[in-house]
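Chain by chain, the residues:
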Amino acid sequence: MIYENNEEKRNTLWRTVLSVSSVIIIIIVVFFVVRLFTGNPLKGTWVNADSGAVLEIRDDGEVILTEAEDGKSEENIPMTYIVDTKTKIFTVQTDSAYAEGVLSGSYDYNIEGDTLTLTEREYGDQIVFMRR
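Residues numbered from 1 in each chain as written. Predicted model: local features only at pLDDT ≥ 70, side-chain atom pairs only at ≥ 80, totals over all residues. Heavy atoms only, no water.

Asks: I tried to follow the pattern of salt bridges on my own but got confused; where do I start?
Replies: Any two side chains of opposite charge can pair, given that their charged atoms come close. Taken as a whole and judged by the stated rule, the model has six salt bridges. Because the salt bridges share partners, they merge into one network encompassing Glu-56, Arg-58 and Glu-62. (Salt bridge = Lys/Arg side-chain N within 4 Å of Asp/Glu carboxyl O.)

Asks: Please clarify how the layout of surface pockets should be interpreted in this entry.
Replies: Any space left empty among the atoms is revealed by the rolling of a water-sized probe across them. Space inside the largest pocket adds up to approximately 170 Å³. Here the lining of the largest pocket is composed, by residue class, of one nonpolar, two polar and three charged. (1 Å grid on protein atoms, 1.4 Å probe; cavity = no way out; pocket = protein on both sides within 12 Å on 5 of 7 lines; lining within 4 Å. Points joined across faces, edges and corners; volume = space filled by probe spheres on them. Nonpolar A, V, L, I, M, F, W, Y, C, P; charged D, E, K, R; others polar.)

Asks: Which parts of the structure should I look at to understand helix 1 (residues 7-38)?
Replies: In an α-helix, one turn spans 3.6 residues, which is why side chains three or four residues apart end up on the same side. The end-to-end C-alpha separation of helix 1 is 46 Å, in line with the 46 Å expected for 32 residues at 1.5 Å each. Where helix 1 begins, the side chain of Asn-6 points an oxygen toward the backbone nitrogen of Glu-8, at a separation of 3.3 Å. (Helix = DSSP H or I, 4+ residues; strand = E, 2+ residues; numbered from the N terminus. Expected span 1.5 Å × (residues − 1). Polar contact = N/O pair within 3.5 Å; in protein donor to acceptor, adjacent residues only side chain to side chain.)

Asks: So what exactly am I meant to see when it comes to the nonpolar core here?
Replies: Here is a general trend for soluble globular proteins: nonpolar side chains tend to be buried in one another's company. Membership of the largest hydrophobic core comes to 18 residues, with the highest contact counts inside it found for Leu-55, Ile-57, Phe-90, Leu-103 and Leu-118. For this core, the secondary-structure elements that each account for two or more residues are strand 2 (54-57), strand 3 (62-69), strand 4 (73-84), strand 5 (89-93), strand 6 (105-112) and strand 7 (115-120). The element contributing the most residues to this core is strand 4, with three residues. If we skip the residues at most four places from it in the chain, Leu-118 touches Phe-90, Leu-103, Tyr-107, Asp-108, Tyr-109, Asp-125, Gln-126, Ile-127 and Phe-129. (Core = buried A, V, L, I, M, F, W, Y, C linked by side-chain atoms within 4.5 Å. Buried < 20%, exposed > 50% of the residue type's maximum accessible area, 1.4 Å probe, protein only. Contact = heavy atoms within 4.5 Å.)

Asks: I tried to follow unusual backbone geometry on my own but got confused; where do I start?
Replies: One non-glycine residue, Lys-88, adopts positive backbone phi at about 55°. Considering the arrangement of structural elements, one finds Lys-88 in the loop between strand 4 and strand 5.

Asks: So what exactly am I meant to see when it comes to the side chain of Asn-40 here?
Replies: Topologically, Asn-40 is positioned in the loop between helix 1 and strand 1 (44-47). A polar contact is formed between the side chain of Asn-40 and the backbone nitrogen of Leu-42, at a distance of 3.0 Å. Among all residues touching Asn-40, those that are not within four sequence positions of it are Ile-57, Arg-58, Asp-59, Tyr-81 and Val-83.

Asks: Sorry if this is basic, but what is going on with the pairing of strand 8 (residues 126-131) here?
Replies: In the case of a regular strand, side chains alternate between the two sheet surfaces. Sheet analysis places strand 1 next to strand 8, joined by two bridges and oriented antiparallel. Paired with Trp-46 across the strands is Arg-131, a residue of strand 8. Taken together, the five bridges between strand 7 and strand 8 define a ladder with antiparallel strand orientation. Bridge pairing in strand 8 links Thr-115 to Met-130. Here strand 7 hands over to strand 8 after five residues, with Gly-124 in that stretch at a positive phi of 85°. (Pairing = 2+ DSSP bridges.)

Asks: Please explain the environment of Ala-49 as it appears in this structure.
Replies: As for its placement among the helices and strands, Ala-49 is situated in the loop between strand 1 and strand 2. C-alpha of Ala-49 to C-alpha of Val-128: the two residues are 79 residues apart in sequence and 7.6 Å apart in space.

Asks: Explanation requested: the pairing of strand 2 in the structure shown.
Replies: Where strand 1 and strand 2 come together, four bridges link them in antiparallel fashion. Paired with Gly-44 across the two strands is Ile-57, which belongs to strand 2. Adjacent in sequence and paired antiparallel, strand 1 and strand 2 are bridged by six residues, among which Gly-52 carries a positive phi angle near 80°.

In structure tokens:
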């Protein structure tokens, strides 16, 4: 046993172990709290059940929309985005003239479970995606 006959050394060792483990627990809790409240809730891969389009939202501000044309060939459309988590606004921007009308614009977003609903701010049209 560690320091079998010395109560003072055992107490010092026990206090050290408790202090170190407490600090580690606090660091882990702070990490998860920061990650929970500052993370991007839209990050991930989303699939539209109606059209089969796949929306991949990355952490680096890039969105890739993959559309299936005639159920055969796929086309990747790279875009950039901005997420305002306070007002729940998802803004997508593109440089391509072809992709201008595909998803470009501002949307109110709502996430319920594994369902992402994008509501167009101007006309109120909704696009529903499921998390893959």
